Amino acid sequence: MKIEHLEERINDYKTSIKTVVDKKTIWQTKTKDLISKTLKTICDTYAIGWKVQELNWIGTNEAVNITFDSFPKELIDCTNQIPTYQFMQGGALVFSQSYSGDVHTFILFPYIEQIPVENSSVELEIHNPKDITEKIIIEKVDEFLKEMIKWEVPNTKNKVGY
């Protein structure tokens, strides 16, 4: 095999690097801000104890999430009637950019010792950052809320929030 036969593979490799760089650039210049602004608008519109966080893990990838941080204010009186009631923090919808530049969306459930780690999250979808729109973000928040409702009031066959 001659060295010239590697040219096609070399070009493919350069193209793959350029693709990742392009995705990461779109994330930095458009997508991350769109996700953050949309989630903050949702938090401001529906004040149910959630907040938006922007995360950076050791420079390898970044994420924006919406997470339940506190109990909805209008329900505090009813929870005070049950002295043993405990709000479980930590449910989150995460938009995370991976090393490849794609954006993974997943749900993290609140941490409870009795729940196995493999039941602590749900993978939703993977998107190219250029394809993420406000509509997609809102759809993912809707899915997140549905999962949190199932977690809070589980089917008796599936004791997720037990």
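Calculation criteria
- Residues numbered from 1 in each chain as written.
- Predicted model: local features only at pLDDT ≥ 70, side-chain atom pairs only at ≥ 80, totals over all residues.
- Heavy atoms only, no water.
- Pairing = 2+ DSSP bridges.
- Helix = DSSP H or I, 4+ residues; strand = E, 2+ residues; numbered from the N terminus.
- Axes fitted to C-alpha atoms, helices over the stretch in contact; angles between N-to-C directions.
- Contact = heavy atoms within 4.5 Å.
- Parallel < 35°, antiparallel > 145°, perpendicular 65-115°, else oblique.
- Left-handed = near helix turned anticlockwise from the far one by under 90°.
- Expected span 1.5 Å × (residues − 1).
- Bend = angle between axes of the 7 residues up to and from the residue.
- Salt bridge = Lys/Arg side-chain N within 4 Å of Asp/Glu carboxyl O.
- Buried < 20%, exposed > 50% of the residue type's maximum accessible area, 1.4 Å probe, protein only.

**Considering the sheet that holds strand β3 (residues 92-97)**
Right, on to step 1. With antiparallel pairing, the five strands of this open sheet are ordered in space as β1-β2-β3-β4-β5. Only two strands of the sheet have a single partner each, and these edge strands are β1 (50-57) and β5 (121-127). On average, each strand axis in the sheet is tilted by 15° relative to the strand beside it, whichever way the strands run.
Right, on to step 2. As judged from the six bridges shared by strand β2 (residues 61-68) and β3, these two strands associate in the antiparallel manner. Bridge pairing in β3 links I66 to L93.
Right, on to step 3. In this fold helix α1 (residues 7-45) packs onto β1, β2, β3 and β4 (103-108), with an angle of close to 10° to the strand it touches most, β2.

**Points about the packing of α1 against helix α3 (residues 134-152)**
Right, on to step 1. Packing of α1 against α3 leaves a shortest axis separation of 10 Å and a crossing angle of 50°. Relative to α3, the element α1 is oriented oblique. Handedness of the α1/α3 crossing: right-handed. Contact residues: α1 offers L34, I35, T38, L39 and I42, while α3 offers E134, I137, I138 and V141.

**Remarks on α1**
In an α-helix, one full turn covers 3.6 residues, which means residues spaced three or four apart are oriented alike.
Right, on to step 1. Here α1 is 39 residues long and its end C-alpha atoms lie 55 Å apart, about the 57 Å a rise of 1.5 Å per residue gives.
Right, on to step 2. When the local axis directions of α1 are compared, the greatest deviation, roughly 50°, occurs at W27.
Right, on to step 3. For α1, the secondary structure elements touched by its buried residues are β1, β2, β3, β4 and α3.

**Section: the pattern of salt bridges**
Right, on to step 1. Applying the stated rule across the entire model yields 11 salt bridges.
Right, on to step 2. D142 is the partner of K146 in a salt bridge, and the nearest nitrogen-oxygen pair spans 3.1 Å. Residue K146 and its partner D142 are both found in helix α3; the two are separated by four residues, about one turn of the helix.
Right, on to step 3. According to the relative accessible area criterion, D142 is partly exposed, its value standing at 38%.

**Here's the deal with the environment of V64**
Right, on to step 1. Within the secondary structure layout, V64 lies in strand β2.
Right, on to step 2. Given the relative accessible area of 0%, V64 is considered buried.
Right, on to step 3. Considered as a pair, V64 and E54 are 10 residues apart in the sequence and their alpha carbons are 4.5 Å apart.
Right, on to step 4. In this view, V64 contacts W27, K32, I35, S36, L39, V52, Q53, E54, L93, V94 and F95; residues no more than four positions away in its chain are not counted.

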